[in-house]
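# Residue-level structure breakdown
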Amino acid sequence: MPLLHRLAVTTAAAVAATVAALSPAGATPLPLPMSYDGESSDRLVVRVSETGRHFDSVRYVLACHPTGGTHPRARAACRQLDAETEWGRDPFAPVPPGAMCTGQYGGEATATVRGRWAGRPVNARFTRTNGCEIARWNRFSIVLRLPGS
């Protein structure tokens, strides 16, 4: 074996032995960046009413990452939320004040979404009172599943 090749092999073996000697045998992995309590950090409580009245509303729990809860289409709802989530933008943000919206009316349906999504608290209210609100509702159509649909 040429001298330069032997020197490279010897150096590589020495470095590997040094790294192995410095690493404790029972090395523990680094802790998670946020505490994990066994539940998903992406967990929302969704309350939807066709009439806008609290007493006739339906309540779903939606957990994502991993998927779970009582929402009847949890996987699809989590995919829809993931598609609406962008870094630096609140997917649940209300329609901005003064927005130019069409005068159409989508009915009395209302919804609230509370919990945590992407590490941030969520407390959002949805209606169908004009074109902007209807478009906002439709972006979350699977999440805001009306009773019986």
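Residues numbered from 1 in each chain as written. Predicted model: local features only at pLDDT ≥ 70, side-chain atom pairs only at ≥ 80, totals over all residues. Heavy atoms only, no water.

### Section: the environment of A118
Secondary-structure assignment places A118 in the loop between β4 (110-117) and β5 (120-127). Separated by 33 residues in sequence, A118 and T85 have C-alpha atoms that sit 8.2 Å apart. Beyond its immediate chain neighbours, meaning those up to four positions away, A118 contacts D42 and T85. (Helix = DSSP H or I, 4+ residues; strand = E, 2+ residues; numbered from the N terminus. Contact = heavy atoms within 4.5 Å.)

### Side note on the pairing of β4
Looking at chain direction, strand β1 (residues 42-49) and β4 are connected through seven bridges and run antiparallel. Across the sheet, R43 pairs through a bridge with R116, a residue of β4. With eight bridges connecting them, β4 and β5 associate as antiparallel partners. Bridging from a neighbouring strand, G115 pairs with V122 of β5. A loop of two residues connects β4 with β5, the two strands running antiparallel in sequence, and A118 in this loop sits at a positive phi of about 55°. (Pairing = 2+ DSSP bridges.)

### So, the packing of aromatic side chains
Tallied over the full model, the rule gives two aromatic pairs. Between F92 and F140, the aromatic rings sit 5.3 Å apart at their centres with planes inclined by 15°, giving stacked as the arrangement. One end of the pair, F92, is in the loop between α2 (74-84) and β4; the other, F140, is in the segment after α3 (131-139), with 48 residues separating them in the sequence. Looking at F92, the relative accessible area reads 5%, which means it is buried. The buried category is assigned to F140, whose relative accessible area is 1%. Both rings, one in F126 and one in F140, keep their centres 5.5 Å apart while their planes meet at 65°; by these two values the pair is edge-to-face. A residue pair is termed long-range when its members are at least 10 positions apart, and F126 in strand β5 and F140 in the segment after α3 qualify at 14 residues. In this pair, the class of F126 matches that of F140, namely buried. (Phe/Tyr/Trp six-rings, centres within 6.5 Å; stacked < 30°, edge-to-face > 60°. Buried < 20%, exposed > 50% of the residue type's maximum accessible area, 1.4 Å probe, protein only.)

### Quick notes on the sheet that holds β4
Pairing is antiparallel in the open sheet, where five strands are placed in the order β3-β2-β1-β4-β5. Single-partner strands in this sheet number two, and they are β3 (68-69) and β5. Examined bridge by bridge, strand β2 (residues 58-64) and β3 share two bridges and lie antiparallel to one another. Residue pairing in the sheet places L62 in a bridge with G69 of β3. In the packing of α2 onto the sheet, the strands contacted are β1, β2, β3 and β4, and the crossing angle to β2 comes to about 65°. Across the sheet, α3 lies against β1, β4 and β5, angled at about 125° from β5, the strand it touches most. (Axes fitted to C-alpha atoms, helices over the stretch in contact; angles between N-to-C directions.)

### A closer look at the confidence of the model for the protein chain
Low pLDDT marks stretches whose predicted atomic positions should not be read closely. When pLDDT is averaged across the protein chain, the result is 80; 71% of the residues are at 70 or more. When the criterion is pLDDT under 50, residues 25-38 qualifies, and its contacts beyond four places in sequence or with other chains add up to zero contacts. (pLDDT = per-residue confidence, 0-100.)

### Re α3
Residues of α3 that are buried: G131, C132, E133, I134, R136 and W137. Residues of α3 that are buried make contact with β1, β4 and β5. By the N-cap criterion, in which a side-chain oxygen at the helix start approaches the backbone nitrogen of a residue two or three places on, α3 is capped by N130, the distance to C132 being 3.0 Å. (Polar contact = N/O pair within 3.5 Å; in protein donor to acceptor, adjacent residues only side chain to side chain.)

### Some words on the nonpolar core
Judged by nonpolar contacts, the single largest core of 22 residues is most densely connected at F92, F126 and L144. Looking at this core, the elements that each hand over two or more residues are β1, β2, α2, β4 and β5. When residues of this core are assigned to their parent elements, the largest contribution, four residues, is made by α2. In contact with L144, other than residues within four places in its own chain, are V46, V48, A111, V113, F126 and W137. (Core = buried A, V, L, I, M, F, W, Y, C linked by side-chain atoms within 4.5 Å.)

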